[in-house]
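# Results of the structural survey
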Amino acid sequence: QPPRTDRKTAESRVVVPAGGAEPFEVLAATEFLQASFPGATRLVPSIGLTERGAALLTGASGEGKSIFAANLAVAWTGIDLPIGQAIPAVRPLRVMLFQVEDAPGIVQERLRMVLGSSPVPVGLFIFKRDEPMRFSGARGKPNAWALERLEATLRRHGPIDIVIFDPLVYLHEAEENSSSEM
């Protein structure tokens, strides 16, 4: 049983269960910096994006997040775009792009604009939005059916290095200002 904080006293103190608790492993900074830990595989070092990591692109509606995400998706597959020089991947990546706000025709136009005369990247996979996709429902409750479909999709087209979901608001029904729901 984890320790509880007793909030009834003027000073906050930790209540340790009977029999004591096992302490967390803490190292002095000198020991920590000399220790050897396995590193994470960095896919996009300039923004700290690692294997199994996450990054969040935020901004007001209409500020260009979707076109930016499409540019990153294309560039990270190895296509030479200016954004790929500014935010480079360590190698050509396999990218799956879920642009769920817009109809497939709009996403298609956007990708054609991003590609220009460049070849179509072999490692880019695009979600064809025929139906709404919600990974969580009200109060942040996971939508098991949608998550299973996502896993099946990734297995079918895998290995996928990066999945880009655009925009987050269309993928859930949770209250975004509630940390417990998100």
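Cut-offs used in this document
Residues numbered from 1 in each chain as written. Predicted model: local features only at pLDDT ≥ 70, side-chain atom pairs only at ≥ 80, totals over all residues. Heavy atoms only, no water. Helix = DSSP H or I, 4+ residues; strand = E, 2+ residues; numbered from the N terminus. Buried < 20%, exposed > 50% of the residue type's maximum accessible area, 1.4 Å probe, protein only. Areas by Shrake-Rupley, 256 points an atom, 1.4 Å probe, with all protein chains shown as cover. Axes fitted to C-alpha atoms, helices over the stretch in contact; angles between N-to-C directions. Parallel < 35°, antiparallel > 145°, perpendicular 65-115°, else oblique. Left-handed = near helix turned anticlockwise from the far one by under 90°. Contact = heavy atoms within 4.5 Å. Nonpolar A, V, L, I, M, F, W, Y, C, P; charged D, E, K, R; others polar. pLDDT = per-residue confidence, 0-100. Pairing = 2+ DSSP bridges. Right-handed = clockwise from strand over helix to strand, strands pointing away.

Let us look at the overall build of the protein. The helix and strand tally for the protein stands at five helices and seven strands. Across the 182 residues of the protein, 29% fall into the buried class. For the protein, the exposed surface amounts to about 12900 Å²; the carbon and sulfur share of it is 54%.

This part is about the packing of helix α2 (residues 65-76) against helix α4 (residues 104-115). The interhelical angle for the contact between α2 and α4, taken along N-to-C directions, is 55°, at an axis separation of 10 Å. Relative to α4, the element α2 is oriented oblique. As α2 runs across α4, the sense of the crossing is right-handed. From α2, Ser66, Ile67, Ala70, Asn71 and Val74 reach across to α4, where they touch Arg110, Leu111, Met113, Val114 and Leu115. Looking at the contact of α2 with α4 residue by residue, the class counts come to seven nonpolar, two polar and one charged.

Turning our attention to the confidence of the model for the protein. Counting all residues, the mean pLDDT for the protein is 81, and 77% of those residues have values of 70 or more. When the criterion is pLDDT under 50, residues 5-10 qualifies, and its contacts beyond four places in sequence or with other chains add up to six contacts.

A few words now on unusual backbone geometry. Residue proline 159 is reached from glycine 158 by a cis peptide bond, and omega for that bond is 0°. Position of proline 159 among the secondary structure elements: in the loop between α5 (144-157) and β7 (162-166). Not every positive phi belongs to a glycine, and arginine 52 is a case in point at roughly 65°. Following the sequence through the fold, arginine 52 ends up in the loop between β4 (49-50) and α2.

What follows deals with the pairing of strand β5 (residues 95-99). Of all the five residues making up β5, five are buried; the element is thus mostly covered by neighbouring parts of the structure. Alternating positions in β5 separate into two faces, Val95, Leu97 and Gln99 on one and Met96 and Phe98 on the other, with burial throughout. When β5 meets strand β6 (residues 124-126), the two strands line up parallel, connected through three bridges. Each residue of the ladder has a partner; that of leucine 97, found in β6, is isoleucine 126. As a crossover connection, the stretch from β5 through α4 into β6 is right-handed. Of the strand pairs in this sheet, β5 and β7 are connected by five bridges, and their pairing is parallel. Opposite glutamine 99, over in β7, you have aspartate 166 as the bridge partner.

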